[in-house]
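# A closer look at the structure
Chain by chain, the residues run as shown.
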Amino acid sequence: MSLRLRRTQPELLDQGLGTLADVRANLNDMWRLNRSTGGVSALLTHLLPRLRRARAPIRIADLGTGAARLNVYLAHWARQHGIALECYGLDVSARNLCVAREHVNGHSGVHLLQADGMALPFAPCALDYCISTLLLHHFEPDALIALLRHTFERARCGIIMSDITRAALSQVGFRLIQPLIAPHPMTLHDGIVSIQRAYTPDELRDLARQAGLGQARVYHHPLWRMTLVADKYP
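Residues numbered from 1 in each chain as written. Predicted model: local features only at pLDDT ≥ 70, side-chain atom pairs only at ≥ 80, totals over all residues. Heavy atoms only, no water.

## Some words on the pairing of strand E2 (residues 85-91)
A large share of E2 lies buried, amounting to six of its seven residues. Bridge count between strand E1 (residues 58-63) and E2: six bridges; the pairing is parallel. Looking across to E2, one finds that arginine 59 is bridged to glutamate 86. Handedness of the crossover joining E1 and E2 through helix H3 (residues 69-80) is recorded here as right-handed. Looking at chain direction, E2 and strand E3 (residues 110-114) are connected through five bridges and run parallel. Considered in E3, the bridge of leucine 90 is made with leucine 113. Taken together, E2, helix H4 (residues 94-104) and E3 constitute a β-α-β crossover, and its handedness is right-handed. (Buried < 20%, exposed > 50% of the residue type's maximum accessible area, 1.4 Å probe, protein only. Helix = DSSP H or I, 4+ residues; strand = E, 2+ residues; numbered from the N terminus. Pairing = 2+ DSSP bridges. Right-handed = clockwise from strand over helix to strand, strands pointing away.)

Structural data, given as structure tokens:
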């Protein structure tokens, strides 16, 4: 059951509130939540098989990278599988990137850039894939259409973007597990706001069509997750 109306109030992290320690705790909370509730696997289910088939070297841009833990995970995975992979973790927030540097800490193949997802510092088709987790709900519909169009133009192979879905039960589930694995007060506030700002699969599918991504598909995943996949080639 979805929450009927999508809300638009900003998250505390997006407003630049809290200390650097708060930001660090919040981003670490969100990584644990994303790992334990299926957000990371919802993305990797679609991304990893494509990386195995892609032409090396592969270049990926992770939009809204936060603490960049996904980039580090992908770099480790690529080395284990003998795949030449360059990951670019992009975030508009300097505070987020400060925390990200603590996790990247010299990992080869991971590069951090302060950049707006609406104006990526890459030429068209300069990347293989643009990816994201828990980013799409930060954008209002017109801006999200522009983001999808822009990232699709920059990607040679396509875009893969995972997010939470707006649903009453996802709010209930989040309130139950949040104190156990993501206890910071900022995480509680922003987690509820994220669910209320999120899109439904049907809404996301419609926005992708408006962005000109007629081939895009929105896949459902357990625990109220969805992934938008738009390939340029079969």
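## Here's the deal with the side chain of threonine 133
With respect to the secondary-structure elements, threonine 133 resides in strand E4 (residues 127-133). At 3.4 Å, the side chain of threonine 133 forms a polar contact with the side chain of asparagine 34. (Polar contact = N/O pair within 3.5 Å; in protein donor to acceptor, adjacent residues only side chain to side chain.)

## Things to note about the sheet that holds E1
Read from one edge of the open sheet, seven strands run E3-E2-E1-E4-E5-E7-E6, paired in mixed fashion. Edge strands, defined here as strands with exactly one partner in the open sheet, are E3 and strand E6 (217-221). Going across the sheet, the axis of each strand differs from the next one's by a mean of 20°, ignoring polarity. Sheet analysis places E1 next to E4, joined by three bridges and oriented parallel. (Axes fitted to C-alpha atoms, helices over the stretch in contact; angles between N-to-C directions.)

## A word on the packing of helix H5 (residues 141-154) against helix H8 (residues 201-210)
Contact geometry of H5 with H8 gives a least axis separation of 8 Å together with a crossing angle of 60°. Between H5 and H8, the crossing angle belongs to the class labelled oblique. Considering the relative orientation of H5 and H8, their crossing is right-handed. Where H5 abuts H8, its residues Pro141, Leu144, Ile145, Leu148 and Arg149 lie against Leu204, Leu207, Ala208 and Gln210. Looking at the contact of H5 with H8 residue by residue, the class counts come to seven nonpolar, one polar and one charged. (Parallel < 35°, antiparallel > 145°, perpendicular 65-115°, else oblique. Left-handed = near helix turned anticlockwise from the far one by under 90°. Contact = heavy atoms within 4.5 Å. Nonpolar A, V, L, I, M, F, W, Y, C, P; charged D, E, K, R; others polar.)

## Here we look at the environment of leucine 43
Inspection of the secondary structure puts leucine 43 in helix H2 (residues 39-53). Put simply, leucine 43 and methionine 226 are 183 residues apart on the chain and 8.7 Å apart in space, counted from C-alpha to C-alpha. Not counting residues up to four positions away in its chain, the partners in contact with leucine 43 are Leu70, Ile131, Ser132, Thr133, Ile160, Met161, Ser162 and Thr227.

## Overview of a nonpolar patch on the surface
On the surface, Leu169, Val172, Leu176, Leu223 and Trp224 cluster together into a nonpolar patch covering about 480 Å² of accessible area. With respect to the helices and strands, valine 172 occurs in helix H6 (residues 168-181). (Patch = residues over 30% accessible without salt bridge, like charges linked within 9 Å, V, L, I, M, F, W, Y side chains within 5 Å. Areas by Shrake-Rupley, 256 points an atom, 1.4 Å probe, with all protein chains shown as cover. Salt bridge = Lys/Arg side-chain N within 4 Å of Asp/Glu carboxyl O.)

## What about the side chain of asparagine 34?
In this fold, asparagine 34 is placed in helix H1 (residues 20-36). Asparagine 34 has contacts with Gly39, Val40, Thr133, Leu134 and Arg225, leaving out every residue within four places of it along the chain.

## Overview of helix H7 (residues 185-197)
Between the first and last C-alpha of H7 there are 18 Å, a value that for 13 residues agrees with the 18 Å anticipated at 1.5 Å per step. Burial analysis of H7 places ten of its 13 residues in the buried class, which makes it a mostly covered element. What H7 keeps buried is the set Met186, Thr187, Asp190, Gly191, Ile192, Val193, Ser194, Ile195, Gln196 and Arg197. Those residues of H7 hidden inside the fold are in contact with H1, strand E5 (155-164) and H6. (Expected span 1.5 Å × (residues − 1).)

## Digging into the pattern of salt bridges
Here the structure, examined in full by the defined rule, presents ten salt bridges. Residues arginine 50 and aspartate 231 are paired through a salt bridge, measuring 2.8 Å at the closest nitrogen-oxygen approach. Of this pair, arginine 50 sits in helix H2 while aspartate 231 sits in strand E7 (residues 225-231), and the two are 181 residues apart along the sequence. According to the relative accessible area criterion, arginine 50 is buried, its value standing at 13%. Within the structure, one salt-bridge network assembled from shared partners comprises Arg6, Glu140 and Arg197.

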